[in-house]
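Inside the fold
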Amino acid sequence: MSTIQCIFCLEEKVSSKEHVFPDSLGGLLIIYDVCKDCNDKLGEKVDYHLVDHGLMQLARFTKGLKGKKGTIPNPLSVGKSTDDPDMTLRYKHTSDGTPGALYVIPNVIFDDGKYRVMVDASEPDRLVETVNKILIRNGLESMTKEEIFSKAHYEKTENPRMDIEMVIDMHSYRKAIIKIIYEMTYYWLGKDYLNDEMAIKIREYILSKELEVDGLIEKVELVGDKRDVLTSLADSDSHIAVLIKNRDRISCYINIFNNFHGLVVVTEKATLYKDVSNRFLINDTKEKLIRESSLAEEITRNSRK
């Protein structure tokens, strides 16, 4: 196995496959300049906050993007019935994302001296078991399956609806975006970039336990309704990366499914890098392809749509 200088720890170690855009998000661009130790650690400590973010789970679910375990996440898995807030529902789907049905999660509610037992119609024995546990706990005789079913109330709801409460992390994912920016900048500028003052700051931040960015000129946030030249080049099925040179500065922009984006000044010494031009790369997860061009070419292509 070949050894490389890892772009994170800077040590000579065995090479590993690194997806610049996370594999679980349909990333296709691969570099081999990250050691396995850093790859594993950063995948767990940094990439996780982006890949498993609620918005990204939703994107993976709708696009059928499987994780490392070969399954598609289901951010809509648990919620409350719109018609009955006491009823907790689970939205089932297969491991490949094929929609299933709503399932009633067993629940017992005690109110005003009465028990209300709710189970899914697909699990009648669960109802019998739960009711008899309640009876025995209260010093009463258990009942037969037939007796319980004769007293049970059955409900069938046409077109049931489920309310879901989703908590959106507004901070932790930011380091993962900056990590992608660092790797894309290395991809375009090469090994000389590892010694750049700004590269050192970015690298130290990525490897640290800190969530705040100190000493960097950056902006990482949700795209929301923000629309400008760069967001207009992105779409909900792709990731894009843009390298922009402006006098002594070079900045790198990343956009993930037009949900998250970030812009970081990656160097203030553009003259150190010869023949640097404004670059563009798109990672299309729907068509499963990567296309590279100049930023000017991409703006022209986009204006013709």
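Everything below is about the structure printed above this text.
Note that the structure is a prediction, hence the values are computed from the model and not measured. (Residues numbered from 1 in each chain as written. Predicted model: local features only at pLDDT ≥ 70, side-chain atom pairs only at ≥ 80, totals over all residues. Heavy atoms only, no water.)

**Structural notes on the nonpolar core**
Stated precisely, the cut-off is as follows: To qualify as a nonpolar core, a set must consist of buried Ala, Val, Leu, Ile, Met, Phe, Trp, Tyr and Cys residues joined through side-chain atoms within 4.5 Å. The buried label applies to any residue whose accessible area, calculated with a 1.4 Å probe on protein chains only, is under 20% of its type's maximum; exposed applies above 50%, and partly exposed to all values in between. For helices the rule is a DSSP run of H or I covering at least 4 residues; for strands it is a run of E covering at least 2, with both sets numbered from the N terminus onward. It only takes one pair of heavy atoms within 4.5 Å for two residues to be counted as in contact.
One finds Met184, Ile202 and Ile256 to be the most contacted residues of the largest nonpolar core, which totals 54 residues. Among the elements that make up this core, the one with the highest residue count is helix α5 (residues 174-189) (10 residues). Every residue in contact with Ile256, bar those within four places of it in the chain, is listed here: Phe21, Leu25, Met56, Ile177, Ile180, Ser238 and His239. With 9 residues, the next largest nonpolar core counts Ala234, Ile240, Val242 and Leu295 among its residues.

**Some points on unusual backbone geometry**
In this model, Leu10 sits at a positive phi of 65°, which is unusual for a non-glycine residue. Take Leu10: it is sitting in the loop between β1 (3-5) and β2 (12-19). With a phi close to 55°, Asn258 is a non-glycine residue in the positive phi region. Looking at the secondary structure, you find Asn258 in the loop between β12 (249-256) and β13 (260-267).

**Quick notes on the environment of Asp120**
For clarity, the cut-off: For the purposes of these results, a polar contact is taken to be a pair of N or O atoms within 3.5 Å, where, inside protein, one atom must be able to donate a hydrogen and its partner to accept one; residues adjacent in sequence count only when each atom of the pair is a side-chain atom.
When you line up the elements, Asp120 lands in the loop between β8 (114-118) and α3 (124-137). For Asp120, a relative accessible area of 13% translates into the label buried. For the pair formed by Asp120 and Val276, sequence separation is 156 residues and the distance between their alpha carbons is 62 Å. With residues near it in sequence (within four places) discarded, Asp120 still touches Leu102, Tyr103 and Val104. A polar side-chain atom of Asp120 sits 2.9 Å from the main-chain amide nitrogen of Val104.

**As for the sheet that holds strand β3 (residues 30-35)**
What counts here: Between any two strands, pairing holds if DSSP finds at least two bridges. The axes used here are C-alpha line fits, helices contributing only the stretch in contact, and every angle between their N-to-C directions lies in the interval 0 to 180 degrees.
Spatial strand order, β1-β2-β3: 3 strands in an open sheet with antiparallel pairing. In the strand order of this sheet, the two ends are held by β1 and β3, each with one partner. Each neighbouring strand pair of the sheet contributes to a mean axis angle of 60°, computed without reference to strand direction. Two elements, β2 and β3, share 4 bridges in a ladder whose sense is antiparallel. Across the sheet, residue Ser16 finds its bridge partner in β3, namely Val34. Where α5 meets the sheet, its contacts fall on β2 and β3, and the angle it forms with β3 comes to roughly 110°.

**Details of the pairing of strand β5 (residues 88-93)**
Both strand β4 (residues 78-81) and β5 contribute to a ladder of 3 bridges, which runs antiparallel. Among the inter-strand pairings, Val78 is bridged to a residue of β5, identified as Arg90. Linking β4 to β5, which pair antiparallel, is a turn of 6 residues.

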